[in-house]
Amino acid sequence: MLSNDRGKYLVFFDDGYAQYVQHQYTRLVCESSPLVWEEVHPFSREFVREYLLAYPERPMVRLHEGQNLKTEWNGKWWSSRVARVDASLAQVVFVGDGRREWIYRGSTRLAPLYLELRAAERHRPRPMPRSKAQPRSNMPYVEYTRSDEQESKNRQEAQAQQEQQHNEEMIRRQRAVAKKSTSIPAPPPPQIVSNTDAVTSRVVYYTPKNAVKPYKMVPHRCSAKCKRSDVLTLKDLRTYNPLAKPLLSGWERQIVRFKGHKEVMYRAPCGRRLRNMPELHRYLRATDSDLPVDLFDFQPATHCLAEFVLNKCLVGKKDLSHGKENVPVPCVNYYDESLPEFCSYNTERTPTAGVPLNLDPEFLCGCDCTDDCQDKSKCACWKMTLEGARTIGLDGPNVGYAYKRLPEPLPSGIYECNSRCKCKHTCLNRVAQHPLQLKLQVFKTLNRGWGIRALNDVPKGAFLCVYAGNLLTDATANLDGLNEGDEYLAELDYIEVVEQMKEGYEEDIPEVDKKLDKKELFKEEEASDEEPPSSSSEEDNASKSDKEDDDFRPGYIGLGVMEFNKRLRKRDKTKKDKDKPDSEDNKEKDSKENIIKEKDSASKENPDEDCITISDDEEVREPSRFMAQAGMGASEFISKYKSVRTLFGKDEACYIMDAKVQGNIGRYLNHSCCPNVFVQNVFVDTHDPRFPWVAFFALSHIKAGTELTWNYNYDVGSVPGKVLYCYCGAPNCRGRLL
Ligand SMILES: C[S@@+](CC[C@H](N)C(=O)[O-])C[C@H]1O[C@@H](n2cnc3c(N)ncnc32)[C@H](O)[C@@H]1O
């Protein structure tokens, strides 16, 4: 098969290898047929046909020299390093034996692509590694390379008939509409993108000139007497930027240099200096202040008084929410005079026919805390969050909210305090249940419809808004999606996400593996305390390589490379277990443990040899025999766990939030391959795992004027016949949304 690529021809040989060939070495045999697969060897024909139909754009792993990844060889995954990249080919060096091989970047022998396509085929959410201190910069990812538009149009016409037939079959097997997922996508490289379109705007830094200043500090014991009556109250400041509120009501924020780095201190109205969140929280409690902790931020990079201002706008609307939000939601259009299509603004989700949402508080359990729910080990609601986190292998006091900020997603969900709780409405475990606080603006983008930008700086982990709309059954969503469009569908896939993570974190793994896991975990904790690398030079890449190799943890949260091994082997074991009588289980387990022990000692002898078994009884694949639908022939990867979903009924599927006809500001959040927002499942008014709230939090510090975006986590190729190009503009953009 030939394909012209920058003056050379990329030849795919029937034995699976690919190579570039100069023009003089090629011979024209006949004119090429639009149905190219008809010309290839019958052995590969079906595969090529399926591949081209399923992926009109070529999915390829974006690679650069020095990068580390797992590559398949002889049915096993091996550590390898990219030595060279030549257009669509990459030369990889196998770390174990130094062997070099040129591989097509669209081959599923490259683990990132294998996993991506397998996920698309199974259309299951793919929990990915928790981003620790910094997202990994050197991680390969899959992009969708757009081929020449005209060529693809011609081909599409010729294929239309065949496609229709094929698609009908696919539709029967797959989903019909696109639904966003709440699973955690792979962390993007840490490039900073400002995807605010190039409009004339500026950021102004206000100085609260007439604001009341704190008193000069005189020694005293802080109490309710420290409250001042000569300052503006929270009620007076309702529509102000949250971070500006304290500074307009008697507080001062100072940035000081301490041991060579900047630190933030607040001066309270009584003159008391407060250096961090715990001190601040103690003070607010001691003085019986009504200011919540999330009006404060101790990051020196945050400008609490920065505000984005658009110089010109052709049309605007003061409040899209018509007073339904706590603060107005302005809408502006710099490009033309259009306004967003009508949508009934609603801040709450509305169950439709067939959705068994039960909000009776009798089914909730609550806490009786009197300490603002500060002690996580005592608060009944916090305990539910921590218990859930443990089931996916996360432990410790740093899980979940920290002074009302969520530094990173918690896939097992957050249980907030609720109407049954005895605690105050302002306790530390109530965040997403509060109405909109931030000043956000809906604006017309150049090529992505309407989007949302933050008008002020937003600290990392700050709560932004929820995603509200009509709650639909899967069946209704599919029907409505086909009839009215699926742009605003978001899947309540909390159960699936957690199930998949539990699959990774298995309790009944052989002890020898558990010990290894602990070591790996410990290693990671240590690593996370290190300073993030400040340079991304190639030399650095090379020196980082070993660590990043270890960081390769596809399909599973924050554990070491051994997890991949264990997870896949485990699934394989599951199948065997299912087929074997009980008495054989132990023999099987013993022999597995022996294999692991052998492997462990082998790897000690040759530390470089860290191959990963996909499945013991999977046929050894020929090189480059990549699968159009990853996962084909991998049906043995079946979890032994029965999904919690099945407990609710045989045909129970995810419920869907549809913000098409009614919804809140969350419906305007666009997608980015390098997002600054993440999605979190939060339980507020029900503990039914089918109905979490979908809440958005800041993934990083967001500067005033920046567009807010999350990763829709669509599986490209999962909706037959639907192609949606991505215009997020991020350097790591994958090219396609769907
Ligand atoms: C939930 S809506 C987001 C709001 C939407 N832009 C609007 O005008 O209402 C999702 C739709 O926005 C568009 N969109 C969002 N992110 C995009 C991106 N990165 N590139 C292209 N289109 C995007 C797509 O049409 C997508 O189906």
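A short tour of the structure in this document, coming up.

Calculation criteria
Residues numbered from 1 in each chain as written. Predicted model: local features only at pLDDT ≥ 70, side-chain atom pairs only at ≥ 80, totals over all residues. Heavy atoms only, no water. Helix = DSSP H or I, 4+ residues; strand = E, 2+ residues; numbered from the N terminus. Expected span 1.5 Å × (residues − 1). Buried < 20%, exposed > 50% of the residue type's maximum accessible area, 1.4 Å probe, protein only. Contact = heavy atoms within 4.5 Å. Core = buried A, V, L, I, M, F, W, Y, C linked by side-chain atoms within 4.5 Å. Pairing = 2+ DSSP bridges. Axes fitted to C-alpha atoms, helices over the stretch in contact; angles between N-to-C directions. Near = heavy atom within 4 Å. Polar contact = N/O pair within 3.5 Å; in protein donor to acceptor, adjacent residues only side chain to side chain. Areas by Shrake-Rupley, 256 points an atom, 1.4 Å probe, with all protein chains shown as cover. Nonpolar A, V, L, I, M, F, W, Y, C, P; charged D, E, K, R; others polar.

Looking now at helix 5 (residues 380-391). Here helix 5 is twelve residues long and its end C-alpha atoms lie 17 Å apart, about the 16 Å a rise of 1.5 Å per residue gives. Within the sequence span of helix 5, burial applies to Cys 381, Trp 382, Met 384, Thr 385, Leu 386, Gly 388 and Ala 389. Packing partners of the buried residues in helix 5 comprise strand 19 (414-415). Directly beyond the C-terminal end of helix 5, a positive phi value near 90° is found at Gly 393.

Before going further, it helps to examine unusual backbone geometry. Despite not being glycine, Tyr 403 shows a phi value in the positive range, around 50°. Inspection of the secondary structure assignment puts Tyr 403 in the loop between helix 5 and strand 19. A positive phi is found at Asn 713, a non-glycine position, where the angle reads about 60°. By the element assignment, Asn 713 lies in the segment after strand 31 (707-710).

Generally speaking, a soluble globular protein has its nonpolar side chains buried in company with each other. Within the largest apolar cluster, 49 residues are counted, with the highest numbers of intra-cluster contacts made by Phe 696 and Leu 708. For this core, the secondary-structure elements that each account for two or more residues are strand 20 (440-444), strand 21 (450-454), strand 22 (463-466), strand 24 (489-492), strand 26 (655-658), strand 29 (677-683), strand 30 (693-698) and strand 31. With near-sequence residues (within four places) excluded, Leu 708 lies in contact with Leu 440, Ile 452, Arg 453, Ala 454, Leu 464, Leu 669, Asn 670, Asn 676, Val 677 and Ile 702. Counting 36 residues, the second-largest nonpolar core is a separate cluster that includes Cys 373, Trp 382, Ile 392 and Ala 432.

Taking strand neighbours across the sheet as the criterion, the three strands line up as 11-12-13 in an open arrangement whose pairing is antiparallel. What marks the edges here is a single partner per strand, and that holds for strand 11 (252-258) and strand 13 (273-274).

Turning to the sheet that holds strand 18 (residues 350-351), a few remarks are in order. The strand order across the open sheet formed by four strands is 18-23-26-24, and the pairing between neighbours is mixed. Each edge of the open sheet is held by one strand with a lone partner, namely strand 18 and strand 24. Two elements, strand 18 and strand 23 (residues 470-472), share two bridges in a ladder whose sense is parallel. Along strand 23, the bridge assignment pairs Thr 350 with Asn 470. The strands touched by helix 6 (residues 474-484) are strand 23, strand 24 and strand 26; relative to strand 23, the strand with the most contacts, the crossing angle is about 110°.

Quick look at the site of the ligand now. Inspection of the region around the ligand gives 18 residues, with Arg 448, Trp 450, Tyr 488, Asn 670 and Tyr 727 positioned closest. Taking Trp 450, its main chain carries an N or O atom lying 2.7 Å from an oxygen atom of the ligand. With the chains in place, 89% of the 560 Å² that the ligand exposes on its own is no longer accessible. Residues of the shell around the ligand, tallied by class, amount to eleven nonpolar, three polar and four charged.

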